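Okay, here's what each chain looks like letter by letter:
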Amino acid sequence: MPVDSRRLQGPESAFSYTLLEKKDANAEESVLSADLQKMLIGSNQVRKDKRKPTDARPLFLRTGIISQAKGSAYIEQGNTKLVCGVYGPREVQKKSDFRLNGQLFCELKFAPFSCQKRRSHQQDNEELVLSGLLREALEAAVCLHHFPKAQVEVNIMVIENDGSPLAAALTCASLALASASIPMYDLVIGTAVRQLPKLLLLDPTKDEEWQPKLNHDENNSNLTVGFMPSMQQICAYVHEGVSNPEELEQMLKLVTEYCLKVQPVVQLCLKETIEKMLANEGENKDAE
């Protein structure tokens, strides 16, 4: 990966100053499940943002955000905001990457101001992992054999991260690909769910997400799923934490039911996009 020569690089033996901070080891070692549940949800079974455990955040979708891209989409899921641009299909430049089927290149990047801690301009390990998961999920939904010897680029920028960025990225990328007229088997709807003992939180925020340093007991996990509603198939599955099979079955049922509810919203957004395109074409013909 190229190094930014305009920035001062620290010595190889340097380490983060945060390692010198004094921390309470007993407090960070584990958090009791009962205390954690009280922190995330009140006694009236309402979360901090006044949602019920099985309620999702408000969803906003828009296409045609990037004029230079062949297809683009913007999504707001609560305070989580992403924009996606699709470019191509383009001819593969490197002969070593030649394949009979088409290829997908996916890149997910957090804006430097998107998180509470400022992110680096260069792609870090978390972004590389999320980009790989995004590519694997979309490859199952895109008809790659329709554009052989070519490559489609999917670039996603996270403008603000308030939890469940991968789930929002799956929905946004699927909508952008469809608006770019890329052949697809089905739309991909992304959803996340947070598991607590005897409680499931749909579409968790940043504060509600599973953290490996604090939540390492049983029945405490986070699940992100990419679901193709028309085909009834799962194309992405990311599970973090510890869960038993019975709890996993309930989590999958909850996320698939939510995906079926979101599908008409995504289809309506695509319908409005096509109607605008047809109306503009009709106006241009009348002007000629």
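Before reading further, recall that the structure is shown in the block above.
Definitions and cut-offs
Residues numbered from 1 in each chain as written. Predicted model: local features only at pLDDT ≥ 70, side-chain atom pairs only at ≥ 80, totals over all residues. Heavy atoms only, no water. Pairing = 2+ DSSP bridges. Helix = DSSP H or I, 4+ residues; strand = E, 2+ residues; numbered from the N terminus. Axes fitted to C-alpha atoms, helices over the stretch in contact; angles between N-to-C directions. Contact = heavy atoms within 4.5 Å. Core = buried A, V, L, I, M, F, W, Y, C linked by side-chain atoms within 4.5 Å. Buried < 20%, exposed > 50% of the residue type's maximum accessible area, 1.4 Å probe, protein only. Phe/Tyr/Trp six-rings, centres within 6.5 Å; stacked < 30°, edge-to-face > 60°. Lys NZ or Arg CZ within 6 Å of the ring centre and 35° of its normal. Expected span 1.5 Å × (residues − 1). Arc of directions from axis to C-beta. Polar contact = N/O pair within 3.5 Å; in protein donor to acceptor, adjacent residues only side chain to side chain. Patch = residues over 30% accessible without salt bridge, like charges linked within 9 Å, V, L, I, M, F, W, Y side chains within 5 Å. Areas by Shrake-Rupley, 256 points an atom, 1.4 Å probe, with all protein chains shown as cover. Salt bridge = Lys/Arg side-chain N within 4 Å of Asp/Glu carboxyl O.

*Asks:* For this particular structure, what's the right way to read the sheet that holds strand β7 (residues 199–202)?
*Replies:* The strands that make up a sheet pair up through hydrogen bonds in the backbone, lying either parallel or antiparallel. Taken in spatial order, the 4 strands line up as β7-β6-β8-β9 in an open sheet, and their pairing is antiparallel. If you trace the sheet from one side to the other, it starts and ends with β7 and β9 (233–242), each paired once. Ignoring which end each strand starts from, the neighbouring axes of this sheet average 20° apart. Summarising the sheet, strand β6 (residues 189–196) and β7 pair through 4 bridges and their orientation is antiparallel. When the sheet's bridge partners are listed, Q195 is paired in β7 with L200. Seen against the sheet, helix α4 (residues 165–179) touches β6, β8 (220–228) and β9 and runs at an angle of roughly 165° to β6.

*Asks:* Whenever I open this one, unusual backbone geometry confuses me. Can you help?
*Replies:* Trans is the common state for peptide bonds, and a negative phi is the common state for residues other than glycine. Residue P89 is bonded to the preceding G88 through a cis peptide linkage, with omega at 5°. Mapped onto the fold, P89 is located in strand β3 (residues 80–91). Residues other than glycine seldom take positive phi values, yet K149 does so here, at roughly 60°. Checked against the element boundaries, K149 lands in the loop between α3 (125–139) and β5 (150–160). The backbone of Q232 sits at a positive phi, close to 55°, despite the residue not being glycine. Within the element layout of this structure, Q232 appears in the loop between β8 and β9.

*Asks:* What is the right way to read the nonpolar core from this model?
*Replies:* In summary, soluble globular proteins display a tendency toward joint burial of nonpolar side chains. Within the largest apolar cluster, 58 residues are counted, with the highest numbers of intra-cluster contacts made by V154, I156 and L177. Dropping the residues within four chain positions of it, I156 is found in contact with L82, V83, C84, E107, L108, K109, L134, A169 and A173. With 5 residues, the next largest nonpolar core counts L40, I41, L196 and L199 among its residues.

*Asks:* So what exactly am I meant to see when it comes to the packing of aromatic side chains here?
*Replies:* In this description, a pair of aromatic rings is defined by centroid distance and the angle of the planes. The final tally for this structure, using the stated rule, is 1 aromatic pair. Between F60 and Y74 the ring centres are 6.3 Å apart and the planes differ by 70°, which places this aromatic pair in the edge-to-face class. Of this pair, F60 sits in strand β1 (residues 59–63) while Y74 sits in strand β2 (residues 71–77); the two residues are 14 residues apart in sequence, bridging distant segments of the chain. F60 sits in the partly exposed class, given a relative accessible area of 34%. Across from the ring centre of F110, 4.3 Å away, lies the NZ or CZ of R119, which sits over that ring.

*Asks:* It is not clear to me how the sheet that holds β3 should be interpreted in this structure. Could you clarify?
*Replies:* Ordered in space as β1-β2-β3-β5-β4, the 5 strands form an open sheet in which the pairing is mixed. The open sheet has two edge strands with one neighbour each: β1 and β4 (103–110). Between one strand axis and the next, the sheet turns through 15° on average, direction left out of account. Relative to β3, β2 runs antiparallel, the two being bridged by 7 bridges.

*Asks:* Teacher, can you tell me more about the pairing of β2 here?
*Replies:* The side chains of a regular strand alternate between the sheet's two faces. For β2, the buried fraction is high: 6 of the 7 residues fall into the buried class. Relative to β2, β1 runs antiparallel, the two being bridged by 5 bridges. If you follow F60 over to β2, its bridge partner there is E76. Between β2 and the antiparallel strand that follows it, β3, lie 2 residues; G78 among them carries a positive phi value of about 70°.

*Asks:* I would appreciate a short explanation of α3 in the present structure.
*Replies:* The periodicity of an α-helix, 3.6 residues per turn, causes residues three or four places apart in sequence to face the same way. Between the first and last C-alpha of α3 there are 21 Å, a value that for 15 residues agrees with the 21 Å anticipated at 1.5 Å per step. Within α3, burial applies to E127, L130, S131, L134, A137 and L138. Taken end-on, α3 shows its buried residues confined to a sector of 130°, consistent with a single buried face. Residues N125 and V129 are exposed on α3 and point more than 90 degrees away from its buried face. Residues of α3 that are buried make contact with β4, β5, α4 and β9. Two or three places before E126, at the opening of α3, D124 has a side-chain oxygen 3.4 Å from that residue's backbone nitrogen.

*Asks:* Help me out: how do you make sense of a nonpolar patch on the surface in this one?
*Replies:* Taken together, the side chains of F113, M157 and I159 present a nonpolar region at the surface, about 270 Å² in accessible area. Turning to its location among the elements, I159 is positioned in strand β5.

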